[in-house]
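A look at the structure
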Amino acid sequence: MQPITITLNGREVSGYAGMSILALASESRVRIPTLCHDEHLSSVGACRLCIVEDEKSGALMASCVTPLTPGMVINTCSPRVVAHRKVIVQLMLASHPDACPVCDKGNRCQLRQIAGEMDISLTEFQRIPQPATIQELNPFIERDLSKCILCAKCIRACQELVVEGVLDYFQRGFKAKPANIGDLPLEGSECTFCGTCVALCPTGALIEKGWMYKGTTKTTIQTTCPYCGCGCGIELQVKNNRLVRSIPRRGDAGDYNPLCVRGSYGYDFVHSPDRLTKPLVKMNGNVEEKSWDEALKKVAAEFERIKNEYGPDSIAVLGSARCTNEESYLLQRFARCVIGTNNVDDGNRLYNAATLAGLSVSLGFSDSSRFLNTLEKSDVIMVIGADPTSSAPAVSYVIKHAVKYKGSRLILIDPRRTKLSLFADIHLQPMPGTDIALLNALAQVIVRENLLDKEFVTRRTDNFGSLTEVLELYSPKYAESITGVQSEQIVAAARLYAGARQASIVYGNGITQYSTGTDAVKALANLSMLTGNTGRKGGGMIALQRESNSRGAVDMGMLPDFLPGFHNVTDAKARGKFEALWGVNLPTRPGLTAVEVIEQAKLGKIKCLYIVGEDPVLSFPGSHMVRDALASLEFLVVQDLFLTETAKLATVVLPAASFAEKDGSFTNFEGKINKIRKGIKPVGESRPDWEIILNIADKMKSSFSYSRFEDVMGEIEESVPGYEGYTDSSRLYQANDSEAGAGRMQRAQVLRGFARFSPVEYQSPLKVKHKGYPFVLLTGSVFPHIGTGTRSSRAPRLSKFSPSGFVEVNSADAKKLALNDGDKVKISSQAGEIIAPVRISNNIPQGILFIPSTFPEIPVNELFEITLDSQSKTPTSKACHVKIERTDAHGQADSERRSQP
Ligand code: SF4
């Protein structure tokens, strides 16, 4: 590209065609004040503060929207320019209220900052007051449009960054203002309260509710959102040892990721009054607060006793994908070195294990292969078994942006209508659990119509012949008979996917939380390989991860069969390496997976369980059985932030510190290692998980020899491939396209040199339909909560927005059953029954119900029996057959009343 040279404030500088004067000035370190500009939004020249003067023509021009032309002579601060800027600011102030002392924006107000820089105090222009505040009932955002300067940053953020399109200009002239359709309160719109508009608003027109008037904070912490596997960067603002604000973090490379409502307004679970502040010990049936020393001694003594009496494999350790890498690393080392067992696993088993098992067989590596910023390069995106608008909003922003602004086509495969349905070219709605039949049919069409990438299949894969044999059965018509999706739609989706130059597959728990999850992942990998998208830059597969460190926990060896860095525990050479590093003999047999641990506890073979950050009573299927199994243990220790349903059963409960009260790192779904940093002191006497693990090891006189937390990080650098150098304190995350993480992924992709087709047959993961259970129940998260809601339900604003559970019923089904919104119904399966209020919806097809797994008062997992995937040991917890009946005020079903004498 030919450089374009201009004179800027008397100095020759060069840019390129299409570059704005403002961008070149910024690159040349010449500051031009702006209010409406942000480098991540399109430029609109709304505020005009960035005017500059072309000395040749004498023209004043908005530098953000004026492209360079050769030979320009630009002055950014001539007396004429400065005088005009002052008038602009004074005009803005003339219609701005004198509310600075009580405005939540405080010293962060850019209008006030710029007025101060220009020595503008009172304006001599006639005052023109703006319209009054709109009253909002939502718990997150308040608008005071009397402070709006019409910069349109909120509108552009909503349309361009999060692609919701809720806001636009409403009315014209003096009456113009940013508003949603009909100028309703935000809660009456499609707004997801992601907070991006609030973060970008330069004045106090948009402010965060809940902690208003907290003034300017001096302490800010660059850290990582603790909720989902996207791992968005956040800046936490701190005052008097309290978190008072969370805004998107501008990344090391100037990147900017809009947050979702959880990242912006969900951080205050940290200050919940429910936080555990002291160790609790159950003595003779009574729970008593104890000192750390007493509690730790009790834990160490019981671990020693049970280990000596029944052997190390009578103890199991269950961690959480919410723990940091360092904590996961220490926890698995504790299990293996101090206890002497490979019985170590975490909640990942429920939703991530199928990806590990499936992809390692098909592709030779065990994680999704794409960075998020490559997704936009896909001309076709297939989303299956996931609603990223709720579970991984940062991914949904990229998908929506790709569709709306880059021309990507979206194939959505989901029984429910979600927000992505509006963006989909094709929306297939298969019956829950029938994905393998559908995916095999898509593959059959691709092979039959010769749409495959022959070169890739021939040169880079094997076992193609076996695949085609199995696919023969799966005609679109046959798949239609199983899935309920019309064969024409299947053919159209196959053609669209295979016709792409680069196609990505994004999938989630809707695929993996079945006893057939591993086979479904293999079927997806077959599609990606058939079309040669495996290994293409804008193609491949992305497995969404539910928790903040789902991927890191796996890397750290929180698995019963793998040591850190995916070294199999049966591999004597790998074991030898860790034995030398840790100075112990390691157990040689793979341990029990999470659900197997519970089953063995029920049988009396596991006597003691150490649970860190997980709540299996709520999150595992078969809640009754889980509760009974845990209650039957000789000793249960739970380490958590809150007294969870599981913690209530424990003999010892140890209070853990939150993400904001400790240092460490999370690895997100892409493989980026993001740092978390301590911003406040732990509440009460709570301690970081890593410290508690070391405390217990110390009491057990173990050979752990860390004198500082940094020593743990150093050991991870040394022993886990891909984590080399991650402790570099000057960087907030490690790994991007050009960095170490990319290398790690690429290395992993060619581990075996070629990919292998894995033919899979469809089998229903739902137990054969019993005549009396005509509905299929789906479970999952409900926006804005995540998982079982341990943290989000204790974040006051998130909880206020979505306070209680429900069962979603299709309106036609509701009519047949004579149900109205709010009616109480009993939902029963062969495993159990629960009661929930009805919410009528057309987002769910007839014959299907949906219950979120977030609310303890509606324990949906009671409806599931435990059926394990033989490959990944994942239990089915996504769908089951149920019946639904109206109940009376006492929770009695109509049928029960009728059968009474
Ligand atoms: Fe946090 Fe995930 Fe939302 Fe990002 S998308 S802010 S990581 S919950």
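As a reminder, the structure under discussion sits directly above these lines.
To start, this report covers the structure provided alongside it. (Residues numbered from 1 in each chain as written. Predicted model: local features only at pLDDT ≥ 70, side-chain atom pairs only at ≥ 80, totals over all residues. Heavy atoms only, no water.)

Regarding the overall build of the protein chain
When you go through the protein chain residue by residue, the secondary structure sums to 30 helices and 37 strands. Its C-alpha radius of gyration of 29 Å places the protein chain within 12% of the 29 Å reference for a compact globule of 901 residues. Structurally, the protein chain occupies a C-alpha span of about 90 × 70 × 70 Å along its principal axes. For the protein chain, contacts bridging at least 24 residues in sequence account for 73% of all contacts bridging at least 6. By element, 51% of the accessible surface of the protein chain is carried by carbon and sulfur atoms, the whole surface being about 34,000 Å². Each charge class in the protein chain can be summarised by its mean position, and for the 103 positive and 98 negative side chains these summaries are 2 Å apart. (Helix = DSSP H or I, 4+ residues; strand = E, 2+ residues; numbered from the N terminus. Rg over C-alpha atoms; globule rule 2.2 N^0.38 Å. Contact = heavy atoms within 4.5 Å. Areas by Shrake-Rupley, 256 points an atom, 1.4 Å probe, with all protein chains shown as cover. Lys, Arg positive; Asp, Glu negative; His and termini not counted. Charge placed at Lys NZ, Arg CZ, Asp CG, Glu CD.)

With respect to the pairing of strand β35 (residues 833-841)
Sheet analysis places strand β33 (residues 807-810) next to β35, joined by 4 bridges and oriented parallel. When the bridges of β35 are listed, V809 appears paired with I840. The pairing of strand β34 (residues 824-828) with β35 spans 5 bridges and is antiparallel. Note that in β35 the partner of S828 across the bridge is E833. Hairpin connection between β34 and β35: a loop of 4 residues separates the two successive antiparallel strands. (Pairing = 2+ DSSP bridges.)

Quick word on the site of the ligand
As a matter of local geometry, the ligand sits amid C225, Y227, C228, C230, G231, C232, L259, C260, R262, G263, P393 and A394. When residues of the shell around the ligand are traced back to their parent elements, those giving at least two are α6 (261-265) and α12 (393-406). Considering only residue class, the shell around the ligand consists of 9 nonpolar, 2 polar and 1 charged. (Near = heavy atom within 4 Å. Nonpolar A, V, L, I, M, F, W, Y, C, P; charged D, E, K, R; others polar.)

Overview of the packing of helix α13 (residues 435-448) against helix α19 (residues 517-530)
Their axes nearest at 9 Å, the elements α13 and α19 cross at an angle of 20°. With respect to α19, the axis of α13 lies roughly parallel. For the element pair α13 and α19, the recorded crossing hand is left-handed. Side by side, α13 and α19 meet where I436, L439, N440, L442, A443, I446 and V447 of the first sit next to D519, A520, A523, L524, L527 and L530 of the second. Classifying every residue of the contact of α13 with α19 gives 11 nonpolar, 1 polar and 1 charged. (Axes fitted to C-alpha atoms, helices over the stretch in contact; angles between N-to-C directions. Parallel < 35°, antiparallel > 145°, perpendicular 65-115°, else oblique. Left-handed = near helix turned anticlockwise from the far one by under 90°.)

Some details on the sheet that holds strand β12 (residues 242-248)
The strand order across the open sheet formed by 3 strands is β10-β11-β12, and the pairing between neighbours is antiparallel. Edge positions in the sheet fall to β10 (219-224) and β12, since each has one partner strand and no second. Sheet twist, expressed as the mean angle between neighbouring strand axes with direction ignored, is 30°.

Focus: the environment of R112
Within the secondary structure, R112 is located in helix α3 (residues 110-117). Taking the C-alpha atoms as reference points, R112 and E685, 573 residues apart in sequence, are found 42 Å from one another. Setting aside chain neighbours within four positions, we find R112 in contact with C100, G106 and N107.

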